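# Structural description and commentary
Here is what each chain is made of, one letter per residue.
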Amino acid sequence: MKEKTSQGEDLLEQLTSDSRQTRQVARRRLIAEAVMNEGSMRIEDLTDRFGISLMTAHRDVDELVSRGLFRKTRGIVTAAATNLIESSDVYRSNRQATEKRLIAAAAMQFVEPGQAIFFDDSTTVLQMVPHLSSKAPITAITNSLTLMNALTGAHDVTLLALGGQYYSWCNAFMGRMTISEIKALRADIAFISMSAISDGVVLHQSPETIDTKRAMFDCSVKRILLADHTKFERRALHSFAALEDFDVVIVDDKLPAEQVDRMRAKNIDVVVARSTTARSSS
């Protein structure tokens, strides 16, 4: 008798008496969870895990790809970022969530009432949303549909939504129209996060992302980079800027001390966001 490989199979068996559509929705959710947990999987492995045909596996994966959750290349479905492809916002939101919250909280020390601020479409910058009302009134300018929705109804936060071409993988607007709207504005601060930092250079896989964030960078008085420790010593195809070009770089306390010292030796203003445990033990 075949041994079960996951709790997902148990759930699928329990759904056999339900409608075909219900089973399909549940299976696709389980496939999404499996790929997000692994980072990437062979489609053939999905057929073994969920007891489905190769055609059904491709159909399920194609649906998840159409939602911007994954990429599919040569029989491999990927949620994790590569040098050429950025991961979806759904996947990124679940990675280093604690570190992102710490960094976002530390970033709030640079926010003052009355400021106009660019917030990019990164999941790290998104973590600043719960804190913004404490510094109101402010004007939040963003191309992130996720952040727009999160700010709906926020007290004394004026929202300027940047339009343009919609990209499902990041749930944000980018491109020529977005850049044109950004260039018509001048902000006090831009909070930016990127996917990779290598040899002192900040990088990203998407040229559209680079161009849109560069416009925010150029149209702001102060530029602040938010980067958790996993972004360092990673590579991506397109360069954005040198670390020295940012006014402040905020990292979490899991970044090795030698990395922090190296940046400070170049006169980079580095803020290390520390957890309560780390502060109490230091």
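As a reminder, the structure under discussion sits directly above these lines.
Everything numeric in this text was worked out from a predicted model, so none of it was measured.

Parameters at a glance
Residues numbered from 1 in each chain as written. Predicted model: local features only at pLDDT ≥ 70, side-chain atom pairs only at ≥ 80, totals over all residues. Heavy atoms only, no water. Axes fitted to C-alpha atoms, helices over the stretch in contact; angles between N-to-C directions. Helix = DSSP H or I, 4+ residues; strand = E, 2+ residues; numbered from the N terminus. Parallel < 35°, antiparallel > 145°, perpendicular 65-115°, else oblique. Contact = heavy atoms within 4.5 Å. Nonpolar A, V, L, I, M, F, W, Y, C, P; charged D, E, K, R; others polar. Left-handed = near helix turned anticlockwise from the far one by under 90°. Salt bridge = Lys/Arg side-chain N within 4 Å of Asp/Glu carboxyl O. Phe/Tyr/Trp six-rings, centres within 6.5 Å; stacked < 30°, edge-to-face > 60°. Buried < 20%, exposed > 50% of the residue type's maximum accessible area, 1.4 Å probe, protein only. Lys NZ or Arg CZ within 6 Å of the ring centre and 35° of its normal.

### Here's the deal with the packing of helix α10 (residues 176–183) against helix α11 (residues 207–218)
Where α10 contacts α11, the two axes come as close as 9 Å, and the packing angle between them is 5°. By the angle class used here, α10 and α11 are roughly parallel. Counted together, Thr-178, Ile-179 and Ile-182 of α10 and Asp-211, Thr-212, Ala-215 and Met-216 of α11 form the full contact between these two elements. A breakdown of the residues in the contact of α10 with α11 according to their chemical character gives four nonpolar, two polar and one charged.

### Topic: the packing of helix α3 (residues 43–50) against helix α4 (residues 54–66)
Between two packed helices, both the angle of their axes relative to each other and the distance between the axes serve to describe the pair. The contact between α3 and α4 brings their axes to 9 Å, and the two run at 110°. Judged on the interaxial angle alone, α4 and α3 are roughly perpendicular. Between α3 and α4 the crossing geometry is right-handed. Seen from α3, the contacting residues are Ile-43, Glu-44, Leu-46 and Thr-47; seen from α4, they are Leu-54, Ala-57, His-58 and Val-61. When the residues that make up the contact of α3 with α4 are grouped by side-chain class, the tally is five nonpolar, two polar and one charged.

### Thoughts on the pattern of salt bridges
Per the counting criterion, the structure on display carries 11 salt bridges. Here Lys-72 ties to Asp-62 by a salt bridge, and the two come within 2.6 Å at their closest N and O atoms. You can see Lys-72 sitting in strand β2 (residues 71–73) and its partner Asp-62 sitting in helix α4, a full 10 residues away along the chain. For Asp-120, the salt bridge is made with Lys-213, and the minimal N-O distance between the two is 3.0 Å. Residue Asp-120 is found in the loop between β4 (116–119) and α7 (123–126), and its partner Lys-213 is found in helix α11; the two are separated by 93 residues along the sequence.

### Comments concerning the packing of aromatic side chains
Each aromatic ring pair is characterised by the separation of its centres together with the angle its planes make. On inspection of all chains with the given rule, the structure shows five aromatic pairs. Geometrically, the ring pair formed by Phe-119 and Phe-191 is stacked, given 5.9 Å between the ring centres and 20° between the ring planes. Taken together, the residues Phe-119 in strand β4 and Phe-191 in strand β9 (residues 187–192) connect sequence positions 72 residues apart. The pair Phe-119 / Phe-191 is uniform in exposure class, with both members buried. Arranged with centres 5.3 Å apart and planes meeting at 80°, the rings of Phe-217 and Phe-246 form a pair that is edge-to-face. Highlighted residues: Phe-217 in helix α11 and Phe-246 in the loop between β13 (238–242) and β14 (248–252), separated in sequence by 29 residues. This pair shows no difference in class: Phe-217 is buried, exactly as Phe-246 is. Aromatic rings pair up to connect Phe-217, Phe-240 and Phe-246 into one cluster. A cation over an aromatic ring shows up here: Arg-214 above the ring of Phe-217, its NZ or CZ 4.7 Å from the ring centre. In this arrangement the basic side chain of Arg-214 is found over the ring face of Phe-240, its NZ or CZ atom lying 4.9 Å from the centre.

### Let's talk about unusual backbone geometry
Residue Pro-137 is bonded to the preceding Ala-136 through a cis peptide linkage, with omega at 5°. Its place among the elements puts Pro-137 in the loop between α8 (129–132) and β5 (138–142). Although it is not a glycine, Asn-171 sits at a positive phi angle of roughly 55°. Along the chain, Asn-171 turns up in the loop between β7 (165–167) and β8 (172–174).

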